[in-house]
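The chain contents come next:
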Amino acid sequence: MWKQVDKFVYEIPLGAKEGMRVPGRVFASETIFKQAEADKALEQVVNVATLPGILRYSLAMPDIHWGYGFPIGGVAAFDVDHGVITPGGIGFDINCGVRLLVTPLTEEQVRPKLGALLDVLYKEVPSGVGSEGFIKLSVRELDKVLEMGAKWAVEQGYGTFEDLERLESQGQLKGADASKVSKRAKERGLEQLGTLGSGNHFLEVQKVDEIFDEAVAKQMGLSLGQVTIMLHTGSRGLGHQVATDYIDVMLKASKKYGIKLVDKQLAAAPFKSEEGQDYWAAMQCAANFAWANRQVITDYIRKAFAKVFGNEIKDKITVIYDVAHNIAKLEKHMVDGMEREVVVHRKGATRSFPAHHPELPSIYENTGQPVIIPGSMGSSSFLLVGLPGSMEQSWGSTCHGAGRVMSRKEAIRKGNYGTLMDSLGEKGILVRSAERETLLEEAPEAYKDVDEVVHVVEELGLNRKVARMRPMGVVKG
DNA sequence: ATGTTC
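Residues numbered from 1 in each chain as written. Chains lettered and ligands numbered in written order. Predicted model: local features only at pLDDT ≥ 70, side-chain atom pairs only at ≥ 80, totals over all residues. Heavy atoms only, no water.

Chain A appears in an unreviewed UniProt entry as tRNA-splicing ligase RtcB from Coprothermobacter proteolyticus. You can read under Sequence similarities (unreviewed entry) in the UniProt record for chain A the words "Belongs to the RtcB family." (UniProt positions renumbered as here; feature names shortened; annotations may be inferred.)

K.L.:
Any chance you could break down the sheet that holds strand β12 (residues 326-335) for me, citing the residues and the numbers?
P.N.:
Hydrogen bonds along the backbone pair up the strands of a sheet, which may run parallel or antiparallel. The strand order β1-β2-β3-β4-β5-β13-β12 describes an open sheet built from 7 strands, whose pairing is mixed. The open sheet is flanked by β1 (3-6) and β12, the only strands paired with a single partner. Taken over all neighbouring pairs, the strand axes of this sheet differ in orientation by 30 degrees on average, direction set aside. Here helix α2 (residues 41-48) sits on the sheet in contact with β2 (9-12), β3 (24-27), β4 (58-65) and β5 (72-79), set at roughly 160 degrees to β4. (Pairing = 2+ DSSP bridges. Helix = DSSP H or I, 4+ residues; strand = E, 2+ residues; numbered from the N terminus. Axes fitted to C-alpha atoms, helices over the stretch in contact; angles between N-to-C directions. Contact = heavy atoms within 4.5 Å.)

K.L.:
Could you give me a rundown of the environment of L59, with the residues and numbers involved?
P.N.:
Relative to the helices and strands, L59 is located in strand β4. C-alpha separation for the pair L59 and A49, spaced 10 residues apart in sequence, amounts to 8.7 Å. Apart from residues no more than four positions distant in its own chain, L59 is found in contact with R25, F27, G73, G74, V75, Q393, S394 and W395.

K.L.:
Lay out the packing of aromatic side chains with the relevant residues and their values.
P.N.:
The full count for this structure, using the stated rule, is 11 aromatic pairs. Here Y246 and Y279 contribute two aromatic rings whose centre-to-centre distance is 5.6 Å and whose plane-to-plane angle is 50 degrees, an arrangement assigned as tilted. With Y246 in helix α10 (residues 236-256) and Y279 in helix α11 (residues 274-309), this residue pair connects regions lying 33 residues apart in the sequence. Owing to a relative accessible area of 0%, Y279 belongs among the buried residues under this scheme. Through a chain of ring-to-ring contacts, three or more aromatic side chains come together here, namely F134, W152, Y158 and Y300. Above the plane of the ring of Y57 lies R25, whose end atom (NZ or CZ) is 4.3 Å from the centre. Across from the ring centre of F212, 4.4 Å away, lies the NZ or CZ of K465, which sits over that ring. (Phe/Tyr/Trp six-rings, centres within 6.5 Å; stacked < 30°, edge-to-face > 60°. Buried < 20%, exposed > 50% of the residue type's maximum accessible area, 1.4 Å probe, protein only. Lys NZ or Arg CZ within 6 Å of the ring centre and 35° of its normal.)

K.L.:
Explain unusual backbone geometry to me, using residue names and the numbers behind them.
P.N.:
You will see that Q170, though not glycine, has its phi angle at about 55 degrees, which is positive. As for its position among the elements, Q170 is in the loop between α7 (161-164) and α8 (183-189). Relative accessible area serves as the criterion here: at 41%, Q170 is assigned to the partly exposed category. Of note in the backbone geometry, H356 takes a positive phi value of approximately 70 degrees without being a glycine. Relative to the helices and strands, H356 resides in the loop between β14 (350-351) and β15 (370-373).

K.L.:
Tell me about the pattern of salt bridges, and name the residues and values.
P.N.:
Scanning the model with the defined rule gives 32 salt bridges in all. Here K34 and E30 are joined by a salt bridge, their closest N and O atoms 3.7 Å apart. Of this pair, K34 and E30 both sit in helix α1 (residues 30-38), 4 residues apart, which is roughly one turn of the helix. Of the two residues, K34 and E30, neither departs from the other in class, the shared state being exposed. When the shortest N-O distance is used, the salt bridge between E168 and K329 registers 2.5 Å. Of the two residues, E168 sits in the loop between α7 and α8 while K329 sits in strand β12, which places them 161 residues apart along the sequence. Like E168, the residue K329 is buried in the burial classification. One connected set of salt bridges, linked through shared partners, spans D209, E210, R468 and R470. (Salt bridge = Lys/Arg side-chain N within 4 Å of Asp/Glu carboxyl O.)

K.L.:
So what's going on with the environment of T106? Residues and values would help.
P.N.:
Structurally, the position occupied by T106 is in strand β7 (residues 97-106). In this structure T106 comes out as partly exposed when scored by relative accessible area, which is 29%. When the C-alpha atoms of T106 and T228 are compared, they prove to be 9.1 Å apart, with 122 residues separating the residues in sequence. The residues touching T106, leaving out its near neighbours within four places in the chain, are G225, Q226 and V227.

K.L.:
Residue-level account of the nonpolar core, with values.
P.N.:
If you look at the biggest cluster of nonpolar residues, it comprises 133 residues, and the most contacted ones within it are L121, V242 and F305. With 19 residues, the single largest contributor to this core is α11. In contact with V242, other than residues within four places in its own chain, are I94, V181, A185, Y279, A282, M283 and A286. (Core = buried A, V, L, I, M, F, W, Y, C linked by side-chain atoms within 4.5 Å.)

K.L.:
Kindly report on the protein's contact with DNA strand B, identifying the contributing residues and their values.
P.N.:
The environment of DNA strand B is made up of 16 residues, and the closest members are R188, G199, N200, R236 and R408. The sugar-phosphate backbone supplies 49% of the atoms of DNA strand B found within 4 Å of the protein. R184 places a polar side-chain atom, nitrogen or oxygen, 3.5 Å from a base oxygen of DNA strand B. One of the side-chain nitrogen or oxygen atoms of R408 is found 2.6 Å away from a phosphate oxygen of DNA strand B. Residue assignment for the surface near DNA strand B shows that the elements contributing at least two residues are α8 and α10. In terms of residue class, the surface near DNA strand B is made up of 2 nonpolar, 9 polar and 5 charged. (Near = heavy atom within 4 Å. Polar contact = N/O pair within 3.5 Å; in protein donor to acceptor, adjacent residues only side chain to side chain. Nonpolar A, V, L, I, M, F, W, Y, C, P; charged D, E, K, R; others polar.)

K.L.:
Give a description of the side chain of E441 that names residues and reports values.
P.N.:
Residue placement: E441 occurs in helix α15 (residues 436-441). Accessibility expressed as a relative area gives 15% for E441, which makes it buried. Once you skip the residues sitting within four places of it in the chain, E441 turns out to touch G199, R404, R408, A411, I412, A446 and Y447.

K.L.:
Tell me what's going on with helix α4 (residues 114-124), and back it up with residues and numbers.
P.N.:
Inspection of α4 places L114, L117, L118, V120, L121 and E124 among the buried residues, and these make up the whole buried set. Here the buried residues of α4 occupy an arc of 160 degrees about the axis, which is enough to place them on one side. (Arc of directions from axis to C-beta.)

K.L.:
I'd like to hear about the packing of α4 against α11, residue by residue, with values.
P.N.:
Close contact between α4 and α11 brings their axes to 9 Å; oriented N to C, the two are set at 145 degrees. The handedness of the crossing between α4 and α11 comes out as right-handed. Counted together, A116, L117, V120, L121 and E124 of α4 and Y300, I301, A304, F305, K307, V308 and F309 of α11 form the full contact between these two elements. Taken together, the residues of the contact of α4 with α11 break down into 10 nonpolar, no polar and 2 charged. (Left-handed = near helix turned anticlockwise from the far one by under 90°.)

Now the structure itself:
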């Protein structure tokens, strides 16, 4: 039923499955499309197309793979009045995202002290499943975190106000309402602010390996051989609990509002219903928690660098940008020649606004929004910018990473710890991690080729490449 | 992703 309609575009027509309201569309190369066919991800694209109020297409980015309800890499926009909101279109780790920092240091300066630096980073940034941070919040204070996001962290002395304008949505969604977050979710969040987590979350010391757009790279303060830091983490147990709580609410709401579910994991409520608005407010709280989390960790990273390279380095480590991967946003987009407000779900997908978009800070007004694409462990990461093509084709969205080809279990079964460590060692990459299994789960073999994923979004005109970063050292949970 | 089966 799926048909290639353009070089990197595959489509399934309306009517291929009963209940479809729009066609399905996947952005992929031939290799990537075949990988998507192998798991249930394509079927999930079709399932999403049946949700009420979905506009134009059920989309998937080239890092598509199987997820809960929506595929990971899934993007869908819904009519604000007649459409739905669904936790399955956002994910368990609400506002899982990536932040890129740049240091004034070169690879030559960092390499001799890399081992010591990673030891300090590993100690200063708590990681691992269930890890607790150095901050112990009262419920009252946590409520402020949930409603203020990264701004709370800056007001407490974690980083600077200049950091905030370089975060998607300035690190704060204004519709957050802490009273919509359960007691249990809050309990899980009380001791997890400033923690990295586990799985694919990481903190990486990198060097700029190649520059594709000199002018934009220069404007962003990046030059060849310069050391960058990439941080990938989300809303931890708090976001997970918000998702769990509201999936239950949505199952009941789906029944109540007569939403026919082809997959229970797509449980949804009308966006404007009470249930829809409650989740909307709680989801924004979890998103804010994640932005506060990355802001606090940014401060820890600066302090760790200061311990190894001297105090004056601290103020010279700047934020390039911070993007959300798992989130829903109210945005203005063109639909049939008219500007409309729509609810965009990005599930393992990154916002990718072009130059001159009103939501961009003045420093990126002419470059387009920075888009940060982490590769798999030990492979390169990319810095891209958004292009007008993303507004035309993908609701201002693009891919979010390499995307899995193996499940975590499969990766553990097929992987070999010694071989993995040898191959990282050969590349000169140092690793600090508590869990061997986490490293096996994240082995490069378990992921697609990030170069190919980025090639697809570039060829489609969603993004332009600015720079590629290679890892020097990795901290993982 | 996740106090990895409240």
